[in-house]
Amino acid sequence: VALLDVTDGRPLPAADLVMASDVLYDPDTARAMAGRVAEARGRGSTVLWTDIGRPGQAAFLDELRRLMPEEPAEFAHGGIAVARG
């Protein structure tokens, strides 16, 4: 497990799976995240990301479609996850 700043430009560490959740708070961060998704997919990583409709979602999808026109870029399901303890 590694934490990183998606905007710093350093290469991602090698990973079979890259996960991100609830990070699309603003368009700049969202576009940076799209770049990281494209970077990871370009190296063969599986990418799982989730979003509940944050303000940067449209910017993320637009940038991802620009960077990776050959792959689908959409959120397949909507909903709310609830954890009960």
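Residues numbered from 1 in each chain as written. Predicted model: local features only at pLDDT ≥ 70, side-chain atom pairs only at ≥ 80, totals over all residues. Heavy atoms only, no water.

Engineer: Now, about the pattern of salt bridges: what can you tell me, with residues and values included?
Structural biologist: Taken as a whole and assessed by the stated rule, the structure comprises 9 salt bridges. Here Arg-10 makes a salt bridge to Asp-8, at a shortest N to O gap of 2.8 Å. Given the relative accessible area of 55%, Arg-10 is considered exposed. Given a relative accessible area of 31%, Asp-8 falls into the partly exposed group. (Salt bridge = Lys/Arg side-chain N within 4 Å of Asp/Glu carboxyl O. Buried < 20%, exposed > 50% of the residue type's maximum accessible area, 1.4 Å probe, protein only.)

Engineer: Describe the packing of aromatic side chains, naming the residues involved and giving the relevant values.
Structural biologist: Per the counting criterion, the structure on display carries 1 aromatic pair. Aromatic side chains Trp-49 and Phe-60 sit 5.2 Å apart centroid to centroid with 65 degrees between the ring planes, which places their arrangement in the edge-to-face category. Of the two residues, Trp-49 is situated in strand E2 (residues 46-50) and Phe-60 in helix H2 (residues 57-67); the sequence distance between them amounts to 11 residues. Judged by its relative accessible area of 19%, Trp-49 falls in the buried class. A relative accessible area of 0% means that Phe-60 is categorised as buried. (Phe/Tyr/Trp six-rings, centres within 6.5 Å; stacked < 30°, edge-to-face > 60°. Helix = DSSP H or I, 4+ residues; strand = E, 2+ residues; numbered from the N terminus.)

Engineer: Outline H2, listing residues and values.
Structural biologist: Turning to H2, its buried residues number three or more, namely Ala-59, Phe-60, Leu-61, Glu-63 and Leu-64. Buried residues in H2 make contact with helix H1 (27-42) and E2. (Contact = heavy atoms within 4.5 Å.)

Engineer: Got a sec to walk through H1? Specific residues and values, please.
Structural biologist: Because each turn of an α-helix spans 3.6 residues, side chains separated by three or four positions end up pointing in the same direction. Taking 1.5 Å per residue, 16 residues should reach 22 Å; H1 reaches 22 Å between its end C-alpha atoms and fits that length. Along H1, the residues that are buried comprise Ala-30, Ala-32, Met-33, Ala-34, Arg-36, Val-37, Ala-38 and Ala-40. Of the surrounding elements, those touching the buried residues of H1 are strand E1 (17-21), E2 and H2. The distance from a side-chain oxygen at the start of H1 to the backbone nitrogen of Asp-28 is 3.0 Å, and the residue carrying that oxygen is Asp-26. Phi turns positive, to about 95 degrees, at Gly-44, one or two residues after H1. (Expected span 1.5 Å × (residues − 1). Polar contact = N/O pair within 3.5 Å; in protein donor to acceptor, adjacent residues only side chain to side chain.)

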